[in-house]
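Overview (structure and organization)
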Amino acid sequence: MKFPSFTLQTLGILALAAGLGLAFNANRPDSLPLVRVHEVAVQASPQDNEITLHDAAQLSASGQAVFVDARDASDYAQGHIAGALSLPAFSFTQDFPLVRDSLHNSTVITYCDGEHCELSRDLAEQLKAHGLRNVRVLKNGWTLWRDKGLPTATGQEPLLREPQELEHPAQESLSQETPRLEHAPQQTMPDGPAPEQSTPEGIAHPQEPAQEKSAPQEATPQEPLLQKTPPQESKPTGDQS
Amino acid sequence: MTATGLAQASRMALACVFLAAAPHKILVPAEFAQSLSSYQILPDMLINFIALTLPWLEMLVAFLLLCQVWTGPSLLLANAMLTVFLGALVLAYVRGIDIACGCFSSLRTPSDAMTLYIARDAAFLVLGLIAAWLHANGLKRKTLDG
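Residues numbered from 1 in each chain as written. Chains lettered and ligands numbered in written order. Predicted model: local features only at pLDDT ≥ 70, side-chain atom pairs only at ≥ 80, totals over all residues. Heavy atoms only, no water.

Considering the state of the cysteines
All names here are of chain A. The condition that has to hold: Put simply, a disulfide is two cysteine sulfurs that come within 2.5 Å. Think of it in three bands: with a 1.4 Å probe and only protein chains considered, a residue is buried below 20% of the maximum accessible area for its type, exposed above 50%, and partly exposed in between.
All told, the structure shown has 1 disulfide over all chains when counted by the stated rule. Through a disulfide, Cys-112 is tied to Cys-117; the S-S separation comes to 2.2 Å. Note on the Cys-112 and Cys-117 pair: the S-S dihedral is about -130°, so by sign convention the disulfide is left-handed. Here Cys-112 and Cys-117 have matching classes, each one buried.

Description of the pairing of strand 4 (residues 107–111) of chain A
Residues and elements named next belong to chain A. To keep things clear, this is the line we draw: Elements are defined by DSSP. Helices are runs of H or I of four residues or more, strands are runs of E of two residues or more, and each kind is numbered from the N terminus. For two strands to be treated as a pair, DSSP must find no fewer than two bridges joining them. Seen with its strands pointing away from the viewer, a crossover is right-handed when the path leading from the first strand over the helix to the second is clockwise.
The buried fraction of strand 4 is high, at 5 of 5 residues. What you see with strand 4 is no split at all: Thr-107, Ile-109 and Tyr-111 on one side and Val-108 and Thr-110 on the other are buried throughout. Note that strand 1 (residues 65–69) and strand 4 share 5 bridges and pair parallel. When the bridges of strand 4 are listed, Val-66 appears paired with Val-108. Note: strand 4 against strand 5 (residues 135–138), 4 bridges, orientation parallel. Among the inter-strand pairings, Tyr-111 is bridged to a residue of strand 5, identified as Leu-138. Considered for its hand, the β-α-β crossover made up of strand 4, helix 5 (residues 119–129) and strand 5 is right-handed.

Details of the interface of chain A and chain B
Counted only if it meets this: Throughout, a residue-residue contact means that at least one pair of heavy atoms, one from each residue, lies within 4.5 Å. Here the quantity called buried area is the total loss of accessible area, with a 1.4 Å probe, experienced by two parts when brought into contact, counted for both. One side-chain nitrogen of Lys or Arg within 4 Å of one carboxyl oxygen of Asp or Glu is enough to make a salt bridge. Whenever two N or O atoms come within 3.5 Å, that pair is a polar contact, provided that in protein one can donate a hydrogen and the other can accept it, and provided that, for residues adjacent in sequence, both atoms are side-chain atoms. Three categories are distinguished: nonpolar for Ala, Val, Leu, Ile, Met, Phe, Trp, Tyr, Cys and Pro, charged for Asp, Glu, Lys and Arg, and polar for the others, with Gly belonging to the last.
Contacts between the two partners involve 31 residues from chain A and, on the opposite side, 32 residues from chain B. For the chain A and chain B pair, buried surface summed over both sides reaches about 3000 Å², with 67% attributable to carbon and sulfur atoms. There are 0 salt bridges connecting chain A and chain B. There are 3 residue pairs in polar contact (both at pLDDT 80 or more) connecting chain A and chain B. When residues in the side of chain A that touches chain B are grouped by element, the largest group, 13 residues, is from helix 1 (residues 6–26) of chain A. Across the side of chain A that touches chain B, the residue classes tally to 17 nonpolar, 7 polar and 7 charged.

A few points about the sheet that holds strand 3 (residues 85–86) of chain A
Residue and element names in this part refer to chain A. Here is the rule we go by: Axes, fitted as lines to C-alpha atoms, cover a helix only where it is in contact. Angles between the N-to-C directions of the axes lie from 0 to 180 degrees.
One open sheet accounts for 4 strands, arranged 3-1-4-5; its pairing is parallel. Unpaired on one side and paired on the other, strand 3 and strand 5 mark the two borders of the sheet. Together, strand 1, strand 4 and strand 5 form the strand contacts of helix 2 (residues 53–61), whose direction differs from that of strand 1 by roughly 120°.

A look at the packing of aromatic side chains
Residues and elements named next belong to chain A. Short version of the rule: Stacked, tilted and edge-to-face pairs are distinguished by plane angle, under 30 degrees for stacked and over 60 for edge-to-face with tilted covering the rest, among Phe, Tyr and Trp rings (Trp via its six-membered ring) whose centres lie within 6.5 Å.
A complete count under the given rule lists 4 aromatic pairs over all chains for this structure. Measuring from centroid to centroid gives 4.9 Å for Phe-92 and Phe-96, while their planes differ by 15°, and the two rings are stacked. With Phe-92 and Phe-96 both in helix 4 (residues 92–103), this residue pair falls 4 residues apart, about one helical turn. Here the two residues Phe-92 and Phe-96 agree in accessibility, since each one is buried. Here the aromatic cluster, defined as three or more aromatic residues joined through ring pairs, consists of Phe-67, Tyr-111 and Trp-145.

Comments concerning unusual backbone geometry
With a phi angle near 55°, Asn-140 of chain A is a residue other than glycine that sits in the positive phi range. Relative to the helices and strands, Asn-140 of chain A resides in the loop between strand 5 and helix 6 (141–147). For Gln-68 of chain B, which is not glycine, the phi torsion reads 55° and is therefore positive. By secondary structure assignment, the location of Gln-68 of chain B is in the loop between helix 3 (44–67) and helix 4 (71–95).

Section: the pattern of salt bridges
Residue and element names in this part refer to chain A. All chains considered together, the criterion is met by 5 salt bridges over all chains. A salt bridge links Arg-71 to Asp-69; the shortest N-O distance between them is 2.7 Å. Asp-69 gets classed as buried once you look at its relative accessible area, which sits at 0%. The shortest N-O distance in the salt bridge between Asp-147 and Arg-146 comes to 3.5 Å. With relative accessibility at 40%, the residue Arg-146 sits in the partly exposed group.

A short note on the confidence of the model for chain A
Our working rule: pLDDT is defined as a per-residue confidence score from the predictor, taking values between 0 and 100.
Within chain A, residue pLDDT values average 67, and 58% of them lie at 70 or more. Confidence drops under a pLDDT of 50 for residues 160–241 of chain A, and excluding neighbours within four residues, the segment shows 148 contacts in the predicted structure.

Focus on the packing of helix 4 of chain A against helix 5 of chain A
All names here are of chain A. This is how the line gets drawn: When an angle is under 35 degrees it counts as roughly parallel; over 145 it counts as roughly antiparallel; between 65 and 115 it counts as roughly perpendicular; any other value is oblique. Here is the rule for handedness: rotate from the far helix to the near one, and if that takes an anticlockwise turn smaller than a right angle the crossing is left-handed, while a clockwise turn gives right-handed.
Remark: helix 4 packs on helix 5, axes separated minimally by 12 Å, with the N-to-C direction vectors making an angle of 70°. One finds that helix 4 runs roughly perpendicular with respect to helix 5. Remark: the crossing between helix 4 and helix 5 carries right-handed chirality. Residues Phe-92, Phe-96 and Leu-103 of helix 4 touch helix 5, and the partners they reach there are Leu-123, Gln-126 and Leu-127.

Structure, rendered in structure tokens:
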């Protein structure tokens, strides 16, 4: 008798495993449905310092909240809550000084993705440890926010932000910002995108990076723009023209 | 230890790994499905099916390795599973997703254990590859002798 070939044996094992699994499940009292129905994420009752999606959206609409994305930069670039800052929990020490000034005087809402994701909670604890009091966690925030059809954005975060704009989001005007930004224009982060905001006079105008502009639902008022954080001395650099 | 003994020992060790991993997932498939879901790799439609059948595949492969029946395909499937598991863990780690590993149980573990999981799975994969290599060499030797 000729034994079945290697491939047939492999397929046989796979089929047998599938059969055993399905048969066992069919005879279980608490059998699992074979196909998981796509569930629209539903938020569980908030605990501890968590915030509901409803409250977070309201705070966002009124410009009283700053969202902080605890996921890594690539996930942030693929999609994030519009206006959110990127502060990966893993690189907190390195990145926190860049966003510190944007987080005071607002409710800070941290989020990541997934019911099991603890990054947002870790980040909230780290923020509290650094003196921020009003920090809340939006559990499973990205999925909840996106599924609800609330404003989202894609692309990388500008490394320079303007904290004042968070406080007066709707009344942004270049003329208001110019005096303060006169000291900031050429100071970009070493790995930051090349700024396009320099005028011939060397005065920067707050602009969103290209990818942020192209996001279809840019609607939240507190979109981070340009900022020089931490404040640095307004010493003009030699290469400015 | 002879090459045959070594091959047999590596297969037994591999079988024990899968024997230890499968039962909890078979008994509590909902938890395992939740673990799979947290990896954010599989489409929702496939999660329950995989959660129901994968542990049985692990069990079957372990059984076949112990019984030395269909050893070649069993080793292939064992190594394929370990490769997929390792890839999923590395992907989750790189993406910063904090997950319940779902390797031997579905309990949540601290995120700093991810590197441990990855190292452990890599070690299992090395074991599997050694077992497959020894098995293939054994077959070749038999062919030459016979």
